[in-house]
Amino acid sequence: MAEDNDSSQEKSEQPTPKRQADAKRKGQVPRSRELNTVLILLVGATVLLVFGGFMAMKMGALATRFFTFERDLAFDSQLLLGALTGAMGSALLALMPLFFAVAVAAIFGQAVTGGIAFSGEAIGLKLDKLDPIKGLKRIFSVKGLMELFKALAKFALVITAAIFLLWGLSDRLLGLGTQSVETALAHVGWIVAWTFLMLSAALLLVAAIDVPFQLWTHQKQLRMTKQQVRDEMKDTEGKPEVKSKIRQLQYQMAQQRMMGAVPTADVVVTNPTHFAVALKYDQKKMRAPKVVARGVDLVALQIREIAKENKVPLFAAPPLARALYFSTQLEQEIPAGLYIAVARVLAYIYQVKNVARRGQNAAEKPTDLPIPDEFLRPSVQ
């Protein structure tokens, strides 16, 4: 039913990054065969113009050496095989500039439109491609008509360019008969290379039309319906009930970690019933006291109970407890504005511990704790 709904809806939404990445992984990227062909032809013609003389000289020298071997070489299969192998290696080395340039042009032509993508799915066997009905649909589709137009356009352009080239070079072609063999061959090579280059350049017009068409077709194929976008968002970010459950589990784990840190605190500042903030201070490792647990109502009650079980001192200071709760987060140092108030509380707690250990006079509990106005919440008070 979902697929039927998707097929009936208009694909009006642009493809998401995930859909584009999935398409690229499957090998579905825009490709322009016309651009790739034109680049290969142009680069090949340019290399022949630049290095054609060098390659012709090397190949001529190779042919002369290989076809003028000694008589004994013809009757020795090992020597003949070695000579043939060496000749093939020399020929490949002479033609290496052309092979290398054409390979680079082929890779560049693929990368220009859709980038370089390797996909095993793209080369896999797909039975739906053997369906004759779908094949006829592809032939008579917009893409099939575009392929027909490109074929006719290439034929027309090449024929037109060839007629103009032959017309312009007719005097030179007729003059070849009056030249020596060496001069005529060199002149023929030059004419062939330039003719090859001009005919290849004529196909640039077809490539200029084909590249935007391929990009547009690819983008159209990847367009999505609104329902597909919503489904993808659910799959990517998770369904609301799943996300809610994950947040609940994360909250429970954070609460467990927080409650596990209460026994390590130096003091728990309370409201005394609604708020509770556990503080820890290590002079060697901390610049200022740090909040290791905080909570309100039931969480505050649980913090107080754990503190009592582990003999962590409780200090009732409602304004300070509220200021600490609203201005700090877990594992965060207290703000500078509360340094003096918290220092007095910690000093009192340390004195109480010393009294208990040494039997000294009872420490005086601080009552006037300076709390800056910006840390007080009138609405809470």
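Further up the page is the structure itself.
Note that the structure is predicted; figures quoted are calculated from it, not measured.

## Things to note about the overall build of the protein chain
Moving on, step 1. Along the protein chain, the regular secondary structure elements total 15 helices and four strands.
Moving on, step 2. Within the span of the protein chain, comprising 381 residues, buried residues form 30% of the whole.
Moving on, step 3. In the protein chain, the share of contacts with a sequence separation of at least 24, taken over all contacts with a separation of at least 6, comes to 75%.
Moving on, step 4. For the protein chain, the computed accessible surface area is about 25,100 Å², with 63% contributed by carbon and sulfur atoms.

## What to know about a nonpolar patch on the surface
Moving on, step 1. On the surface, Leu 92, Leu 93, Met 96, Phe 99, Phe 100 and Val 104 cluster together into a nonpolar patch covering about 620 Å² of accessible area.
Moving on, step 2. Relative to the helices and strands, Met 96 resides in helix H5 (residues 77–113).

## Topic: the sheet that holds strand E3 (residues 290–296)
Moving on, step 1. The sheet built from four strands is open, its strands ordered E3-E2-E1-E4 with mixed pairing. Only two strands of the sheet have a single neighbouring strand rather than two, namely E3 and strand E4 (314–316). Across the sheet, the axes of successive neighbouring strands diverge by a mean angle of 20°, strand direction being ignored.
Moving on, step 2. Judged from the six bridges that link them, strand E2 (residues 275–280) and E3 form a sheet pairing that is antiparallel. Looking at E3, one finds that Ala 278 is bridged to Ala 293.
Moving on, step 3. Contacting strand E1 (267–270), E2, E3 and E4, helix H13 (residues 298–309) crosses the sheet at an angle of about 125° to E3.
Moving on, step 4. The sheet strands contacting helix H14 (residues 318–327) are E1, E2, E3 and E4, and the helix crosses E2 at an angle near 75°.

## Side note on the pattern of salt bridges
Moving on, step 1. Counted under the stated rule, the structure contains two salt bridges.
Moving on, step 2. A salt bridge links Glu 333 to Arg 287, with the nearest nitrogen and oxygen atoms 3.5 Å apart. Taken together, the residues span a long stretch of sequence, with Glu 333 in the loop between H14 and helix H15 (339–358) and Arg 287 in the loop between E2 and E3 at a distance of 46 residues.
Moving on, step 3. A residue is classified by how much of its surface remains accessible, and Glu 333, at 26% relative accessible area, is partly exposed.
Moving on, step 4. Judged by its relative accessible area of 73%, Arg 287 is exposed.
Moving on, step 5. Notably, a salt bridge pairs Lys 290 with Glu 331, separated by 3.3 Å at the nearest N-O pair. Linking Lys 290 in strand E3 with Glu 331 in the loop between H14 and H15, this pair joins segments that are 41 residues apart in sequence.
Moving on, step 6. Judged by its relative accessible area of 22%, Lys 290 is partly exposed.
Moving on, step 7. On the basis of relative accessible area, Glu 331 is assigned to the exposed category, the value being 52%.

## A word on the packing of helix H2 (residues 17–25) against helix H10 (residues 204–222)
Moving on, step 1. Between H2 and H10, the shortest axis-to-axis distance is 11 Å and the interhelical angle comes to 115°. When the interaxial angle is binned, H2 and H10 end up roughly perpendicular. Of the two possible hands of crossing, H2 and H10 adopt the one that is right-handed. Across the interface between the two elements, Arg 19, Gln 20 and Ala 23 of H2 pack against Gln 219, Gln 221 and Leu 222 of H10.
Moving on, step 2. Of the residues that constitute the contact of H2 with H10, the class distribution is two nonpolar, three polar and one charged.

Cut-offs and rules
Residues numbered from 1 in each chain as written. Predicted model: local features only at pLDDT ≥ 70, side-chain atom pairs only at ≥ 80, totals over all residues. Heavy atoms only, no water. Helix = DSSP H or I, 4+ residues; strand = E, 2+ residues; numbered from the N terminus. Buried < 20%, exposed > 50% of the residue type's maximum accessible area, 1.4 Å probe, protein only. Contact = heavy atoms within 4.5 Å. Areas by Shrake-Rupley, 256 points an atom, 1.4 Å probe, with all protein chains shown as cover. Patch = residues over 30% accessible without salt bridge, like charges linked within 9 Å, V, L, I, M, F, W, Y side chains within 5 Å. Salt bridge = Lys/Arg side-chain N within 4 Å of Asp/Glu carboxyl O. Pairing = 2+ DSSP bridges. Axes fitted to C-alpha atoms, helices over the stretch in contact; angles between N-to-C directions. Parallel < 35°, antiparallel > 145°, perpendicular 65-115°, else oblique. Left-handed = near helix turned anticlockwise from the far one by under 90°. Nonpolar A, V, L, I, M, F, W, Y, C, P; charged D, E, K, R; others polar.

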